[in-house]
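Structural overview for review
Listed below, chain by chain, are the residues.
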Amino acid sequence: MSSLPRILVMTTGGTIASALDSSGRSLSGALPGDALLASVALPEALRDRVDVVSVLQKPSNAISRADLVALHQRCLDAMADPGVQGIVVTHGTDTLEDTAFFLDLTLPSHKPIVVTGSQRPPHQAGTDAFTNLADAIRVAADEQARGLGTLVVFNQSLFAARQVRKVSTYQLDGFAAPAAGPVGRVDGENVHLLQRPVDHQVFELPLQAQLPRVDIVPAYLDASPALLECAIDNGAAGIVIDALGRGHVPPDWMPAVRDASSQGLPVLVTSSCLSGPLNQSYEFSGSLVDLCQAGALPVSGLGARKARIVLSILLASDTPLAATLDALAR
C-alpha cells in the first residue's frame, strides 16, 4: 500500500452501482464499491492511492435523513484521518443534489468532498459511470479542490453543491448550475478551476443528531391550501413553500400560514423559478409582503429542496433561523 495520501471512495448505491437483473431492467445499488472501482481507468500512481468502502447499497429515492447523518459521520471520521487527502461519494442522481448540499453545509472544507453518479448504468452502452468516477477521484486528489466546499463532478464539469441541480432525466449532461454555471472542468488528466464558490457558514451537528422532518408544499394556479394544512397538522417540524414568481401563493393559503406561525412552526418561502431573488414588490393577498407579515421567512438563491435541507439542519443544531437564513441567501 502506498504511503502517499489516500483518496477514499464511499459508495451509496444508485444508477452508478446498478447491475442488470432478470427483468432486463437495472437493479439500482446492486454493485458493490470494489466491483465498481475495478473498471475505472486511472493512472497507476493514482489508482494505488484509492481505497473504497460501500456505505449504502440503495437507489437514491430511498436515502433517508438518518442515512444523511450516518454518511456525514463517516465523512467526518475520514477527514480526521491525516492519511486521507480527499473523499468521493458515489450516489444515485435522484437525490444527489440534496445529499451534496447537506454535506456542504455540515462538513469542513479543508479536504475535498466530491459527489458523483451516472445517468447510464455500468452495463449499458456508452455508460458515464466509470468516466464520472475517474474524474471525481482526480478532483478529490487535486489541491485546487481544497476549500471549495462539497463539489459535484458530472460530465467533465465541476459544480458547487449550493448551485447544482439535476436538469435531465437521462442525458449525460444531467446536472447543471442554471444560475451560476460550473466552477470548473475536467479535461483528461487536468482539472481547470473557473471560479470559486462563495464561503458560507458550516453547521456542527450534535452527536447522534436527528434531522427533523421538513415538508415542501408547492404553489401553483388555484392550488388548494389542503396540503399546507395537512403538513401543519401532521407532524412537520417546518415547512418550505415552493412559491410562485418573486414569492407568492394563492390568497386562500394565508390563514394556514398564519396558523403555522401562531404555533411556532417555521415557514420558509422559496421561488419555483430557476433564478432570481425573492422580492417584496407587490401588495396583494398572498404576496411575499403578506407572507412575511404572517411570519414566513423568505430565502433567495435556494430551491425548495435545498431550503428544506437548510431548515432541517438549523432545527437539529438549534441555530437561530432569521439571521442565518439571511446570511445563507447572500
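Going by the structure above, here's the rest.
The following paragraphs examine the structure supplied in this document. Computed from a prediction, not measured in an experiment: that's the story for all the values here.

**A closer look at the overall build of the protein chain**
If you tally the helices and strands in the protein chain, you get 10 helices and 16 strands. Considering only C-alpha atoms, the protein chain reaches an extent of 65 × 45 × 35 Å along its principal axes. The burial tally for the protein chain puts 52% of its 330 residues in the buried class. Partitioning the contacts of the protein chain with sequence separation of at least 6, the portion at a separation of at least 24 is 72%.

**So, the environment of Asp-98**
Tracing the backbone shows Asp-98 in helix α4 (residues 96–106). A distance of 2.4 Å separates a polar atom in the side chain of Asp-98 from a polar atom in the side chain of Arg-305.

**Quick word on the sheet that holds strand β4 (residues 50–58)**
Strand order across the open sheet formed by eight strands is β4-β1-β5-β6-β7-β8-β11-β12, with mixed pairing between neighbours. The strands lining the two open edges of the sheet, one partner per strand, are β4 and β12 (190–193). Shown here is a sheet whose adjacent strand axes are inclined to one another by a mean of 25°, direction ignored. Note that strand β8 (residues 157–160) and strand β11 (residues 184–187) share two bridges and pair antiparallel. By the bridge assignment, Leu-158 is partnered in β11 with Gly-184.

**Thoughts on the sheet that holds strand β15 (residues 267–271)**
Pairing is parallel in the open sheet, where four strands are placed in the order β13-β14-β15-β16. Taken across any chain shown, the strands that pair with only one partner, and hence form the sheet edges, are β13 (214–218) and β16 (297–298). Bridge count between β15 and β16: two bridges; the pairing is parallel. Following the sheet pairing, Leu-268 is matched in β16 by Leu-297. Lying over the sheet, helix α9 (residues 304–316) contacts β13, β14 (238–243) and β15, oriented at roughly 155° with respect to β13.

**Some remarks on the pattern of salt bridges**
Here the structure, examined in full by the defined rule, presents 10 salt bridges. Residues Asp-98 and Arg-305 are paired through a salt bridge, measuring 2.4 Å at the closest nitrogen-oxygen approach. Of this pair, Asp-98 sits in helix α4 while Arg-305 sits in helix α9, placing them 207 residues apart in sequence. Judged by its relative accessible area of 33%, Arg-305 is partly exposed. Residue Arg-258 is joined to Asp-290 by a salt bridge in which the shortest nitrogen-to-oxygen separation is 3.3 Å. With Arg-258 in helix α7 (residues 254–262) and Asp-290 in helix α8 (residues 288–293), the pair connects residues that are 32 residues apart, well separated along the chain. Note on Arg-258: relative accessible area 41%, which makes it partly exposed. When salt bridges with common partners are traced through the structure, they connect Asp-135, Arg-138 and Glu-189 into a single cluster.

**Notes on the packing of helix α6 (residues 226–233) against α7**
Helix-helix packing: each pair is described by the crossing angle between the helix axes and the interaxial distance. Where α6 contacts α7, the axes come no closer than 9 Å and their chain directions differ by 15°. What the angle tells us is that α6 and α7 run roughly parallel. Here α6 runs over α7; the crossing is left-handed. Across the interface between the two elements, Leu-228, Glu-229 and Ile-232 from α6 touch Ala-256, Val-257, Asp-259 and Ala-260 from α7. A class-by-class count of the residues in the contact of α6 with α7 yields five nonpolar, no polar and two charged.

**A word on the side chain of Gln-85**
Considering the arrangement of structural elements, one finds Gln-85 in strand β5 (residues 84–90). Here the side chain of Gln-85 touches Arg-49 through a polar contact of 2.3 Å, side chain to side chain. Within the structure, Gln-85 has its side chain in polar contact with the side chain of Glu-143 (distance 3.3 Å). Discounting residues that sit within four places of it in the chain, Gln-85 has contacts with Pro-5, Arg-6, Ile-7, Arg-49, Lys-111, Pro-112, Ala-140, Ala-141, Asp-142, Glu-143 and Arg-146.

**Focus on the packing of α4 against α9**
Packing of α4 against α9 brings their axes to within 10 Å, and their N-to-C directions diverge by 40°. The pairing of α4 with α9 is recorded here as oblique in orientation. Relative to α9, α4 is oriented so that their crossing is right-handed. Counting all contacts with α4, which are made through Glu-97, Asp-98, Phe-101, Phe-102, Leu-105 and Thr-106, the residues of α9 involved are Arg-305, Lys-306, Ile-309, Val-310 and Ile-313.

**A few points about the nonpolar core**
If you look at the biggest cluster of nonpolar residues, it comprises 50 residues, and the most contacted ones within it are Met-10 and Ile-87. Element by element, the count of residues in this core is highest for α9, at eight residues. When neighbours within four sequence positions are excluded, Ile-87 is seen to be in contact with Leu-8, Met-10, Cys-75, Ala-78, Met-79, Pro-112, Ile-113, Val-114 and Ala-140. Membership of the second largest hydrophobic core comes to 31 residues, among which are Val-40, Val-139, Leu-158 and Ala-160.

Reading guide: rules and limits
- Residues numbered from 1 in each chain as written.
- Predicted model: local features only at pLDDT ≥ 70, side-chain atom pairs only at ≥ 80, totals over all residues.
- Heavy atoms only, no water.
- Helix = DSSP H or I, 4+ residues; strand = E, 2+ residues; numbered from the N terminus.
- Buried < 20%, exposed > 50% of the residue type's maximum accessible area, 1.4 Å probe, protein only.
- Contact = heavy atoms within 4.5 Å.
- Polar contact = N/O pair within 3.5 Å; in protein donor to acceptor, adjacent residues only side chain to side chain.
- Pairing = 2+ DSSP bridges.
- Axes fitted to C-alpha atoms, helices over the stretch in contact; angles between N-to-C directions.
- Salt bridge = Lys/Arg side-chain N within 4 Å of Asp/Glu carboxyl O.
- Parallel < 35°, antiparallel > 145°, perpendicular 65-115°, else oblique.
- Left-handed = near helix turned anticlockwise from the far one by under 90°.
- Nonpolar A, V, L, I, M, F, W, Y, C, P; charged D, E, K, R; others polar.
- Core = buried A, V, L, I, M, F, W, Y, C linked by side-chain atoms within 4.5 Å.

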